[in-house]
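Per-entry structural report
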Amino acid sequence: MNVIETGTIGILESPTGTGKSLSIVCGVLTWLRQYYERNGIEKEKGTNEETDEPAWVTEFEDSLKKNQTEKAVERFARRRSLRQHRTLLNRVERSKTILETSSNKKHKRSHSGNFQDNKLVGADPDDEWLLSDTVFKDTSILSSEKEQLLTLGSGNEEMSEEEDECKELPRIYYCSRTHSQLLQFQEEVKRTIANMQWSEKVPRPSVLILSSRKNLCINEKVSSLSNANLINERCMELTSKEPGSPGCCPYYHLEGQRILRDHLSSEIVDIEELVNLGKERRACPYYGMKRAIKSSQFILLPYQSLLHKPTRESLRLPLHSNCIVIFDEAHHVVDALNDMYGAETNTQQIQSCLFGLKRYIDCYETRLSSLNLFMLRQFHSFLESLVQFSSLHLKIPPIDGETQNVFTVEDFVTRLGIDNLNIFKLNEFLESKCLHLKLIGLLKSRILSDSNGTDPCQGIHAVFHFVQTLKQPYSKSRIIVKFRKDIGCTFKMLVLHAANNLTEIISLVRSVVFVGGTLEPLRDIKLRLLGTFEDSHIVHCSFDHVIPDSHILPIIVSRGPTRVPLEFTYATRESEILIHELGRMLLNICRVVPGGVVVFFSSYSYCSYALNYLQQKDIWKLLLRQKAIFKEPQESLELNNVLDNYKKAVYEQQGGILFAVIGGKLSEGINFQDDLGRCIIVVGMPFPNHLSIELQESINYITGMFPSVSSKEILEDMCMKLVNQTIGRTIRHISDYGAVLLVDQRFARPAISNKLPKWLRRRLAFPDDFGWVLSSLAEFFRNFRKRV
Ligand code: SF4
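Model, not experiment: these values are computed from the prediction. (Residues numbered from 1 in each chain as written. Predicted model: local features only at pLDDT ≥ 70, side-chain atom pairs only at ≥ 80, totals over all residues. Heavy atoms only, no water.)

1. A closer look at the site of the ligand
The ligand sits among Cys217, Ile218, Asn219, Val222, Cys235, Thr239, Cys249, Tyr252, Cys284 and Tyr287. According to the grid-proximity analysis, the pocket containing the ligand is the largest cavity. Along the lines of polarity and charge, the residues of the shell around the ligand split into 8 nonpolar, 2 polar and no charged. (Near = heavy atom within 4 Å. 1 Å grid on protein atoms, 1.4 Å probe; cavity = no way out; pocket = protein on both sides within 12 Å on 5 of 7 lines; lining within 4 Å. Sits in = over half its atoms within 2 Å of the grid points. Nonpolar A, V, L, I, M, F, W, Y, C, P; charged D, E, K, R; others polar.)

2. As for the pattern of salt bridges
Within the structure shown, the criterion is met by 30 salt bridges. One salt bridge connects Glu581 with Arg584, and the closest N-O pair in it is separated by 2.8 Å. Of this pair, Glu581 and Arg584 both sit in helix α26 (residues 576–592), 3 residues apart, which is roughly one turn of the helix. For Glu581, a relative accessible area of 0% puts it in the buried group. Each of Arg523, Lys712, Glu713, Glu716, Asp717 and Lys755 takes part in a single network of salt bridges with overlapping partners. (Salt bridge = Lys/Arg side-chain N within 4 Å of Asp/Glu carboxyl O. Helix = DSSP H or I, 4+ residues; strand = E, 2+ residues; numbered from the N terminus. Buried < 20%, exposed > 50% of the residue type's maximum accessible area, 1.4 Å probe, protein only.)

3. Brief notes about helix α14 (residues 285–292)
Across the 8 residues of α14, 8 count as buried, placing the element largely inside the fold. Turning to α14, its buried residues number three or more, namely Pro285, Tyr286, Tyr287, Gly288, Met289, Lys290, Arg291 and Ala292.

4. A closer look at the sheet that holds strand β16 (residues 679–683)
Sheets are built from strands that pair by backbone hydrogen bonding, the pairs being arranged parallel or antiparallel. Reading across the sheet, the 6 strands line up as β12-β17-β16-β13-β15-β14 and stay open at both edges, with parallel pairing between neighbours. Every interior strand has two partners, whereas the edge strands, β12 (552–557) and β14 (628–631), have only one. Taken over all neighbouring pairs, the strand axes of this sheet differ in orientation by 15° on average, direction set aside. Both strand β13 (residues 596–601) and strand β15 (residues 656–661) contribute to a ladder of 6 bridges, which runs parallel. Within β15, the position partnered with Val597 by the bridge is Ile657. Lying on the sheet, helix α27 (residues 604–615) is in contact with β13, β14 and β15; it crosses β15 at an angle near 140°. (Pairing = 2+ DSSP bridges. Axes fitted to C-alpha atoms, helices over the stretch in contact; angles between N-to-C directions. Contact = heavy atoms within 4.5 Å.)

5. Some details on the packing of helix α2 (residues 20–38) against helix α8 (residues 179–194)
Two elements in contact, α2 and α8, have axes separated by 10 Å at closest approach and are oriented at 50°. By the angle class used here, α2 and α8 are oblique. Crossing geometry of α2 relative to α8 is assigned as right-handed. Where α2 approaches α8, its residues Ser21, Leu22, Ile24, Val25, Cys26 and Leu29 are matched on the opposing element by Phe185, Glu188, Val189, Thr192 and Ile193. Residues belonging to the contact of α2 with α8 are distributed by class as follows: 8 nonpolar, 2 polar and 1 charged. (Parallel < 35°, antiparallel > 145°, perpendicular 65-115°, else oblique. Left-handed = near helix turned anticlockwise from the far one by under 90°.)

6. Quick notes on unusual backbone geometry
Residue Pro521 is bonded to the preceding Glu520 through a cis peptide linkage, with omega at -5°. Topologically, Pro521 is positioned in the loop between β10 (511–516) and α25 (522–528). Unlike most non-glycine residues, Arg282 shows phi in positive territory, near 55°. Overall, Arg282 belongs to the partly exposed group, its relative accessible area being 31%.

7. Brief notes about the sheet that holds strand β4 (residues 298–302)
On the basis of which strands lie adjacent, the open sheet formed by 7 strands has the order β3-β4-β2-β5-β10-β1-β11 and parallel pairing. Strands at the two margins of the open sheet, each flanked by one partner only, are β3 (207–209) and β11 (538–542). The average angle at which neighbouring strand axes cross in this sheet is 15°, direction not considered.

8. Points about empty space enclosed by the protein
Using the criterion set out here, one finds 4 cavities of 30 Å³ or more in the structure. Forming the walls of the largest cavity are 14 residues, and the residues nearest its centre are Cys217, Asn219, Cys235, Cys249 and Cys284. When residues of the lining of the largest cavity are traced back to their parent elements, those giving at least two are α11 (228–239) and α14. Tallying contributions element by element places α11 first for the lining of the largest cavity, with 3 residues. Of the residues contributing to the lining of the largest cavity, the split by class is 11 nonpolar, 2 polar and 1 charged. (Points joined across faces, edges and corners; volume = space filled by probe spheres on them.)

9. Here's the deal with the packing of helix α12 (residues 254–266) against α14
Axis separation between α12 and α14 bottoms out at 8 Å; the angle between their running directions is 60°. Taken together, the axes of α12 and α14 lie oblique to each other. Our pair here, α12 against α14, has a crossing hand that is right-handed. Residue-level inspection shows Leu254, Gln257, Arg258, Leu260, Arg261 and Leu264 of α12 in contact with α14, the latter providing Pro285, Tyr287, Gly288, Met289, Arg291 and Ala292.

10. Regarding the packing of aromatic side chains
Per the counting criterion, the structure on display carries 27 aromatic pairs. Ring centres of Tyr35 and Tyr36 lie 5.9 Å apart, and the angle between their planes is 80°; on these two criteria the pair is classed as edge-to-face. Note on Tyr36: relative accessible area 1%, which makes it buried. Ring geometry for Tyr737 and Phe784: centres 3.6 Å apart, planes at 0°, overall stacked. With Tyr737 in the loop between α31 (711–727) and β17 (738–743) and Phe784 in helix α34 (residues 770–787), this pair connects stretches of sequence that are 47 residues apart. Each member of the pair, Tyr737 together with Phe784, is buried. One residue, Arg33, lies across the ring of Trp198, its end atom 5.5 Å from the ring centre. (Phe/Tyr/Trp six-rings, centres within 6.5 Å; stacked < 30°, edge-to-face > 60°. Lys NZ or Arg CZ within 6 Å of the ring centre and 35° of its normal.)

11. Describing the pairing of β10
The element β10 is extensively covered by neighbouring structure, given that 6 of its 6 residues are classed as buried. Burial along β10 is two-sided: the face carrying Ser511, Val513 and Val515 and the face carrying Val512, Phe514 and Gly516 are both buried. Alignment of strand β1 (residues 9–13) against β10, held across 5 bridges, turns out to be parallel. Paired with Ile9 across the bridge in β10 is Val512. Bridge count between strand β5 (residues 323–327) and β10: 4 bridges; the pairing is parallel. When the sheet's bridge partners are listed, Ile326 is paired in β10 with Val513.

By themselves, these figures tell us nothing about what the structure is for.
Here's what the structure looks like:
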C-alpha cells in the first residue's frame, strides 16, 4: 500500500506458502476502493508543498478533478449496469439464429472506410498478396494497412468511445510468466472480490485474464495449426477480409465481440469458460477478450503482453499515472525481456526468405508502385549481402568446429557493405506493409518450395524478426555471428540492456512492484532492470517465512563421510574420489531421510557423468536398497511419467531419490511439498559458462555501466539466483518441513552465503564434519516422527 500510495518502485519478497498472492490482491483492491472513496479529493502526496499557486487556484483544481473523477466513475458504473442488463437479455433471448441473422445483415452493410482501400480483395486471387500503393512515409497512412491486419478491425469507433471513457480510471496489471500462475491468481482475485463490499460509488472492478489466439481460437482449421505464429498469421489473414464474407473467419463479427465483452465486464471467467462461451455464442473469444480490455480494471496477463511494446500496442493496453503494474516471479523479468527483444536467424533461413522474395518480385513486378519495388529490391540486396557475408566467412576453416565474432550493429552493417541502407526506413516499410504475411500468403497459395525442396515460409518469421531487432539502440546491442561448417552462419541479436523497455513503462505508470518468493541476490534486479533509478525511489521488503525455525534445516556440507573436501569446480568435479565421496554421502543421507530426496546437479552433462560413474560401483546397489532412483528426463514428454513413478515410490514404497538439474525442468514450477521433498540437495555451484561470448558481452556492458561491480560478483549473483530458486522448492506451506543441503565448501564463503534468502540465512549451519550433518538430519526427522 505504501509503495502504491507514494508512487515508488517496490521489491517484495515473501516465501512460498506465506500468502503472497492474497496479500497482493488485498493491497491493490484496498487501494482501488480508497481511490474511489476519495474521488480524487485528496491531492497526491507532495503536490501541496510543490505548488506556489494561491489557495483558491488549488481549490478550484481540486473541485475540477473531483468532478471529472466522479463523472468517470458514474459513466463507468452506468455502462457496467447497462452491460450487465444487456448480458442478461442476451442470455435469455439471443440464440444462434439471431446471431446468424445479424451476421448476414452486417455482411450486407457497407464497412465504410475500413476496407474500402484494401487491395487484399480483388478479382485475381493473387491480388490478395499485392502490396498497397499507400505511401508509407506518411505515418497516418503507414499504419492503415497494419491496423487492418493487426487490430480489431470493425467497430473501432466504439472502442475509441470506450477508451475516452475509461482511460482515466485506475488500472491494475498483474503479470506473470505462465498461464497456470495467472489462473491461480485469478482464483484468489475472485474469492477476495466476492468477500468485499462494492457499491455504485465504489464499483466492483472488472477482472480480465489475457491470453493468446493459441489458447482462445475456436476455429478448428486455425487452432489445429502447429504453432502460435501460424495461428496468428492465419487469423490475421482471415480477419483482414470483410466479416461475413466467404473468406473471413465465421466467428469474427462485431455482435459476437460485444456479447463476450459484456459478459467479461460483468463476470470473472477463466480461459476455458471464455472458450466455451465463444463456442456457445459462435463468437471469437480472442477478439471478445480484446474488446473487453478497455473497460477492465484488473488485468491479468503474461509478461510478453505488457513488456513487448508491439504486443502492448496491438492490445491497446492503457498505461497512465493511475496504473499499477505487478510483476510476479520477478526474477524472470530480465531473461524475459532479453528473449523478447533478441532474435536469431541463419543462412538457410535467409536463403529461403530470399527465394520467397524473388518469387514475390517476379510475380508482381509490373504491378507494384515504383516506391514499393524500390524498397523490395533494397530488402533483397540486404538479404543477399547476408548470404554473401556467410559464404565469405565459411571459407575460413572453423577452429574447434565453430568460430564466433561480435559486432556492433553499425560495424555489422558496414561489413555487409550496406551502410547506405536506412535500416529504420526498411523496417518501417516491412512493418507497415506486413510484407511477411503477404510473402507467406503468396508462397502458400502457389505451394512453392525452394531449391532444397524445403518450405520457404519456415524461415521468413525468423528473418523478419531479426531484421526488426536491428532497430535496437546500437550502444545497447551486439550481433554475434557464429560460423559452423555443418549449419553455416547464425546471426544473433543480443540485447545487452533490455531494461530500457521497462523504464518506459515505469515512467508512465504510478507504481511498479516486483514480487517473488525470493529475489535475492537483489543486485541482479537492481543492475539489470532498475539501474537508472535512485535507491530512494525503490522500496524493498523481505518477509520472513511462516514456518517455525524447527521446520527447516539448512546446512552447508563442506566435507563428505571420509572427510574428502567437497568442491565441485570445473577442474575437480570429475575426480573419481570426489564422485565416490558424493555417492557415500547420498547413501548416508538416504538412510536417515524419510520420503523423497531431490538432488540437483549444476548441469545435465555433469549429472550424467556422475551417475554413470556411480552406477558402475557397488554403492549404487546399496542406494537402490534405500530408495527407488529416478533421473530427470531430457525430453519433456517423459517428465510426467517420471514424476508419477517418483510420487508412487515416495508415497507407496520405500521412498525415492530423484536426480535433477538446476535450471532444468524440475527446478521451478514443480512443487516438492511434504514427503516429495524432505531433503533438497544442491551439488556444486551452477556458475554460467564464462566462456560464452554472449555472457562476456553482457558482463562487459554491465561493468562498463557500473564500474564498482566486478564480473566475478555478477557471475556469483547469476549462480546464486539459480540456487535460491531451486531451494525454494522445499517448503511449500505452513506445516511443511524439510532439510536443505548445499554441498560445496564454496557456499560457506560469506560473499556467497550472504546471497541466500534471509529467512534461510539466519538458520544456516556450517559444520566441518559430516557426522554432525548426519546426526542433525536424523534428529530433525526423528522429532517430526514423534509428533506424528
Ligand atoms: S477470429 Fe478468432 S476464432 Fe477466428 S481464426 Fe481468429 S482467433 Fe480463431
